Amino acid sequence: MALLSDRDERDVRAQLASLDGAVTLVCFTQELACQYCRETEQLLKEVAALSDKIRLEIYNFQLDKTQVAQFRVDKIPATVVVGAKDYGIRFYGIPLGYEFGAFLAAIKDVSRGGTDLSPESRAALAEIVQPVHLQVFSTPT
Amino acid sequence: MRLAQQLAVESDLITADLVEVTEFPHLAQRYSVRAVPRTVVNETASIEGALPESEFVRAVVAAAHKS
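On a predicted model such as this, the values are computed, not experimentally measured, just so you know.

Undergrad: Before we go on, may I ask you to explain the overall build of chain B in this structure?
TA: What chain B contains, in helices and strands, is three helices and three strands. Taken from N to C terminus, the helices and strands of chain B fall in the order α-β-α-β-β-α. Relative to its full complement of 67 residues, chain B shows a buried share of 46%. Considering only residue pairs separated by 6 or more positions, chain B has 15% of its internal contacts joining residues 24 or more positions apart.

Undergrad: Teacher, can you tell me more about helix H1 (residues 2-10) of chain B here?
TA: Counting along an α-helix, one turn takes 3.6 residues, and residues three or four places apart therefore face a common direction. The buried fraction of H1 of chain B is high, at eight of nine residues. Where H1 of chain B is concerned, the buried positions are Leu-3, Ala-4, Gln-5, Gln-6, Leu-7, Ala-8, Val-9 and Glu-10 of chain B.

Undergrad: Before we go on, may I ask you to explain the interface of chain B and chain A in this structure?
TA: A common measure of how large an interface is: the accessible area buried when the components associate. With 39 residues of chain B in contact, the opposing surface of chain A contributes 39 residues. When residues of the side of chain B that touches chain A are traced back to their parent elements, those giving at least two are H1, strand E1 (14-20), strand E2 (38-41) and helix H3 (53-66) of chain B. Ranked by the residues each element gives to the side of chain B that touches chain A, the list is headed by H1 of chain B, at eight residues. For the side of chain B that touches chain A, the residue count by class is 23 nonpolar, eight polar and eight charged. When strand E5 (residues 132-138) of chain A meets E1 of chain B, the two strands line up parallel, connected through seven bridges.

Undergrad: Sorry if this is basic, but what is going on with the environment of Met-1 of chain A here?
TA: Within the element layout of this structure, Met-1 of chain A appears in the segment before helix H1 (6-16). Take Met-1 of chain A: there are 3 C-beta atoms within 10 Å of it, and that puts it in the exposed class.

Undergrad: How should I be thinking about the sheet that holds E2 of chain B in this particular structure?
TA: Taken in spatial order, the eight strands make up an open sheet running E2(A)-E1(A)-E3(A)-E4(A)-E1(B)-E5(A)-E2(B)-E3(B), and their pairing is mixed. Strand pairing shows two members of the sheet lacking a second neighbour, strand E2 (54-60) of chain A together with strand E3 (45-48) of chain B, which therefore form its edges. Shown here is a sheet whose adjacent strand axes are inclined to one another by a mean of 20°, direction ignored. Looking at chain direction, strand E4 (residues 86-92) of chain A and E1 of chain B are connected through four bridges and run parallel. Bridge pairing in E1 of chain B links Ile-89 of chain A to Ala-16 of chain B. Docked against the sheet, helix H4 (residues 98-112) of chain A engages strand E1 (23-29), strand E3 (78-82), E4 and E5 of chain A together with E1 of chain B, running at close to 165° with respect to E4 of chain A. H3 of chain B contacts E5 of chain A together with E2 and E3 of chain B of the sheet and is inclined by roughly 170° relative to E3 of chain B.

Scoring rules and cut-offs
Residues numbered from 1 in each chain as written. Chains lettered and ligands numbered in written order. Predicted model: local features only at pLDDT ≥ 70, side-chain atom pairs only at ≥ 80, totals over all residues. Helix = DSSP H or I, 4+ residues; strand = E, 2+ residues; numbered from the N terminus. Buried ≥ 20, exposed ≤ 12 C-beta atoms within 10 Å, placed from the backbone. Contact = placed C-beta atoms within 7 Å. Nonpolar A, V, L, I, M, F, W, Y, C, P; charged D, E, K, R; others polar. Pairing = 2+ DSSP bridges. Axes fitted to C-alpha atoms, helices over the stretch in contact; angles between N-to-C directions.

See below:
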């Protein structure tokens, strides 16, 4: 059974119609001992099918060590949203419910390689001189 | 999450993880997540709730300078 309803599909397809550049969704999964891996993979397949600008790569967290190291993924299910480059955006867990909106927004942001942040925010961010790792803890509802 | 990922797009030094707490309860416990959203910055600071853009950016920059 599909995770996205017909109505969801229409909405998402319309949102993704304006994508600028290509986006790659990099999915890390495994078959056993991962409650939402299968559903995450299915969701990403459904989303990728709604835009010819989106490509999906699926890797096994246990076996594909090169990609796990390359994308620095440490738990699953994991989804890396990549545009012209890897901007450092990862979703851990299935990006459904409230997080689905953030997921679509991430796709659109990396596709255009920019955001709507204010000039003041951009100037403040330019003051950062060392790596910053943000972990946002959230729930689907 | 929206703001965190926007910051990641704008700065090559920022990475943003969205962690679904019900799937990773050990992390919720480790980072004392009692309400969401909670944003942990470099393991050393945290931001509670959803803040307006200017406040969130200020909090992240301040935490980055401290760590």
